[in-house]
Amino acid sequence: MKYYTAQEKQSLFHLAEADEVLFGGAVGGGKSYAILWDAVSFCLRNKGVVASIFRRTYPELEKSIILVGLDCIPKKFYHYNKKEHRMYFTNGSILEFNYCLFDSDVYNYQSAQYDRLYFDELTHFTKSIYLYLLSRCRTTKPGIFPQIKSASNPGNIGHEWVKQRFIVKARSNEIVLREDPETGATYTTQFIPAKLTDNYYLMKYDPQYIKRLEKLDKEDRRALLE
């Protein structure tokens, strides 16, 4: 897309073919931006599809992905309904911006159906929220591959389950076949590690950002920088 040029790790995220994909690691790696443009590109390439980007709270969406999206996505492709938190594209596709704060909030989406599902800051979610919303990712449209794609930094309440689901036994960018120990169901995952230094634009225009991260305490520094 001429309005967006993906960097190397972002390109790997866009091309990932596993059922569930995680673009994870240090802050500033361009992860949220990749999620936004992956969702927009999916909607523009396919007529009449519905995709959703989730964060834990709506204010988090409004201050990040929605704000960036309204600024950088050409208005000729869509109109935004602020009340519904939806982008309506000219080809009939829809991109929703949703939140799920409490486990019980998943039932707000009980009747929803998404051709593609995104989670920004996946480790902010509980495993039960993630697994329930996975059940909303399905399609009746020919040629569409239902896929769940996420981005996250380490830490927070979901750190351990995300690590077990995506990181353990994974190699960078390789597809891993996994089996649910409770149900026996199989699925594939793909982990794409992100580093701050992967983001050319941040390194170019704010080279002192690394210095600011180095001032954090040891644990925060390890999670956000290393």
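Residues numbered from 1 in each chain as written. Predicted model: local features only at pLDDT ≥ 70, side-chain atom pairs only at ≥ 80, totals over all residues. Heavy atoms only, no water.

**Q** Can you walk me through the nonpolar core in this structure?
**A** The nonpolar side chains of a soluble globular protein tend to be buried with one another. Residues Ile53, Met87, Phe89, Leu95 and Phe97 are the most contacted members of the largest nonpolar core, which totals 34 residues. At 8 residues, helix 2 (residues 31–45) tops the list of elements feeding residues into this core. Discounting chain neighbours no more than four positions away, the residues touching Met87 are Gly69, Leu70, Ile73, Tyr78, His79, Tyr80, Ser93, Ile94, Leu95 and Phe97. In this structure, Phe54, Phe119, Trp161 and Val162 belong to the second largest nonpolar core, which totals 23 residues. (Core = buried A, V, L, I, M, F, W, Y, C linked by side-chain atoms within 4.5 Å. Buried < 20%, exposed > 50% of the residue type's maximum accessible area, 1.4 Å probe, protein only. Helix = DSSP H or I, 4+ residues; strand = E, 2+ residues; numbered from the N terminus. Contact = heavy atoms within 4.5 Å.)

**Q** Whenever I open this one, helix 4 (residues 65–72) confuses me. Can you help?
**A** In an α-helix, one full turn covers 3.6 residues, which means residues spaced three or four apart are oriented alike. Of all the residues in helix 4, the buried ones are Ile65, Ile66 and Gly69. Along the axis of helix 4, the buried residues cluster in a sector spanning 95°; they form a single face. Those residues of helix 4 that are exposed and aimed more than 90 degrees away from the buried face are Leu67 and Asp71. (Arc of directions from axis to C-beta.)

**Q** How do you make sense of the packing of helix 1 (residues 8–15) against helix 2 when you look at a structure like this?
**A** The geometry of a pair of packed helices is captured by two quantities: the angle between their axes and the separation between those axes. Contact geometry for helix 1 and helix 2: axes closest at 10 Å, N-to-C directions at 40°. If you check the angle between helix 1 and helix 2, you find them oblique. When the axes of helix 1 and helix 2 are compared, the crossing they make is right-handed. For the pair formed by helix 1 and helix 2, the contact residues are Gln10, Phe13 and His14 on the first element and Tyr33, Ala34, Ile35 and Asp38 on the second. Classifying every residue of the contact of helix 1 with helix 2 by side-chain character gives 4 nonpolar, 2 polar and 1 charged. (Axes fitted to C-alpha atoms, helices over the stretch in contact; angles between N-to-C directions. Parallel < 35°, antiparallel > 145°, perpendicular 65-115°, else oblique. Left-handed = near helix turned anticlockwise from the far one by under 90°. Nonpolar A, V, L, I, M, F, W, Y, C, P; charged D, E, K, R; others polar.)

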